[in-house]
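What follows is each chain in one-letter form.
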Amino acid sequence: MEYSRLVSVYESLEATSSKLEKTEIVARFLREVPEDLLDIIPSLLIGRVFPEWSELELGIGPSLLYEAVAFVCGTRASEVKGIVARAGDVGEAVEQLLARKVQLTLFARKLLVREVYEAFKKIALASGAGSQDRKVRILADLLASASPKEGKYLVRTVLGELRVGVAEGLLRDAIAQAFNVSVSAVERAYMVANDFGTVARAAKLEGEEGLARIKMEVGRPIKPMLAQLAPSIEKVFEELGSAALEIKYDGARVQIHKRGDEVKIFSRRLENVTSALPDIARRAARAIKAEEAIVEGEAVAIDPKTRRPRAFQDILRRFRRKYDVEKMMEEIPFETYLFDILYLEGEVMIDLPFEKRRQKLGEVVEEEKGKFELAEQLVTGDVKRAHEFYSRALAKGHEGMMIKNLKAPYIPGARVGYMYKVKPVMETLDLVITGALWGTGKRAGWLSSYILAARDEDTGELLEVGRVGTGVTEEQLEEFTARLKPLIEFEEAGEVRLKPSVVVEVAYQEIQRSPNYASGFALRFPRVVRIRDDKSPEEADTVQRVKELYEMQRQAR
Ligand code: AMP
């Protein structure tokens, strides 16, 4: 299939804002996609080249991209940047630039989807000395063969900003429509496979039966189920009757996959972090008494002297560590508290009620006290005991308490109220930084005010909810500037637009309705709590979540 065909689909998607129409367009297109492309095209439709859990990553930010564009168009990267700023969009700018070039040289051959994918793969695989140059060269080669329109979508894909308004939910509906299977069958298959290619292929070739046969695979991470903020302990107990209380450990989530003696550990963002966590891997290999299992827990850094949990930053330092891992392990020892099991000896566990899963977890794990154990739990229907449990958790320095529905299944990637979290402060929001302002006066030379955006669940778009500048220390200014500068796409009158990549946890006093921001909401007195390196922009809080919090806040008054 020619890449131009995919591009024409992108164009029609961009031309309509109707969800129904978009679903129809995608469904019709999927029916025409040949079998050998079904594993890659569904992801490309939502602007992803590789599945989230894949270790492949393009690793091209705006500045490398501009170099490639400049090279192809015989100009300078700074000129490209200027044109991007004027166009207000990288894709449109590249389209204009390539159109200029086309008048000089006619592109001779047609790009194929497969070829584009293979080039992306080569870019992702380039590593070591000189890899940046190689990445630029491969991308430049692609762009040299691309028509202006193709260029537009190639660069948007590279930067992870396709902007055609198709997110996971819509793609799921379209797959169902295309191959005449139920949305729930597609949804379920996607939960266990975590890969739209696999799902689309099964739907096309084997229908619902094929979808039902898709199994979890040890080694391929599952999206974690997420927690909801409890409106209050009382309200949750009213809803659930009795429930499981657990300590909410303040660490980082780990998903542990074991097959035989081999253990792989994935972060909440589904990155493979095994090599940074050999202590957890070794303990898991010993403690999990099963040939094949996938379990989940929280890795916590407890200070050996004070017995209190350490700062989140220390945990992330260990997760990111690539060398001197053993030394780091001694410096920041980890304890792991397991709280769920998703897969055991060839059987998917996620449909079992939580109480059964927890029981299985207990049966399969031989605890090592203080090192690798099950999360502390109390099953009760007594609100008073819940309050006591919560106070005790806080007194021990933990973050709070989880209240879990004993009868509920595990729904990967969903925040459905099967587990509630209770924390002392007003819920913070994890938001994406999509832009920034250069500081003035004492803050000159630093990016000092950040544009915060929440994700629209339906379209995947990032919509602004406010700007934050206060509560940032000088040290943080340095850190933020260093992190954000390479992400600059263009700037205009001191304001820069950034490739969405950095997620920050933001506290605020209140959420207000606001016609001034695209999301329709504004945060009052926002303050940065920390950078959430463990979250990707796709995991950032959604506009729908902001709305929910807004409603809750109104009810609480
Ligand atoms: P939050 O990140 O604030 O949405 O809170 C949910 C997170 O709390 C989960 O993703 C886990 O990483 C973490 N957590 C800590 N203790 C537990 C527990 N006992 N059960 C479930 N999640 C826990």
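From a predicted model like this one, the values you see are computed outputs, not experimental measurements.

(A) Region of the structure containing the layout of surface pockets. As a volume, the second largest pocket reaches approximately 840 Å³. Every residue lining the second largest pocket is counted, 38 residues in all, and those nearest its centre are Lys248, Glu399, Lys423, Arg530 and Arg532. Breaking the lining of the second largest pocket down by element, the ones donating at least two residues are β2 (243-248), β3 (252-259), β10 (400-404), β11 (419-422), β17 (503-507) and β20 (527-531). Grouping the constituent residues of the lining of the second largest pocket by class yields 15 nonpolar, two polar and 21 charged. Split by domain, the residues of the lining of the second largest pocket number at least three in each of domain 2 (226-422) and domain 3 (429-556).

(B) Region of interest: the pairing of β17. Taking burial as the measure, the five residues of β17 include five buried ones, the bulk of the element. Residues Val503, Glu505 and Ala507 of β17 are buried on one face, and the alternating residues Val504 and Val506, pointing to the opposite face, are buried as well. With four bridges joining them, strand β12 (residues 429-438) and β17 adopt antiparallel strand pairing. Following the sheet pairing, Leu431 is matched in β17 by Val504. Two strands pair when backbone bridges link them, and β17 and β20 are joined in this way by four bridges, in the antiparallel orientation.

(C) Up close: a negative patch on the surface. A cluster of like negative charges, contributed by Glu474, Glu475, Glu478 and Glu479, occupies part of the molecular surface. Turning to its location among the elements, Glu479 is positioned in helix α19 (residues 474-484). We classify Glu479 as partly exposed; its relative accessible area is 37%.

About the criteria used
- Residues numbered from 1 in each chain as written.
- Predicted model: local features only at pLDDT ≥ 70, side-chain atom pairs only at ≥ 80, totals over all residues.
- Heavy atoms only, no water.
- 1 Å grid on protein atoms, 1.4 Å probe; cavity = no way out; pocket = protein on both sides within 12 Å on 5 of 7 lines; lining within 4 Å.
- Points joined across faces, edges and corners; volume = space filled by probe spheres on them.
- Helix = DSSP H or I, 4+ residues; strand = E, 2+ residues; numbered from the N terminus.
- Nonpolar A, V, L, I, M, F, W, Y, C, P; charged D, E, K, R; others polar.
- Domains from an automatic or database assignment.
- Buried < 20%, exposed > 50% of the residue type's maximum accessible area, 1.4 Å probe, protein only.
- Pairing = 2+ DSSP bridges.
- Patch = residues over 30% accessible without salt bridge, like charges linked within 9 Å, V, L, I, M, F, W, Y side chains within 5 Å.
- Areas by Shrake-Rupley, 256 points an atom, 1.4 Å probe, with all protein chains shown as cover.
- Salt bridge = Lys/Arg side-chain N within 4 Å of Asp/Glu carboxyl O.
- Lys, Arg positive; Asp, Glu negative; His and termini not counted.
- Charge placed at Lys NZ, Arg CZ, Asp CG, Glu CD.

Without other data, these values stay purely geometric and don't point to any function.
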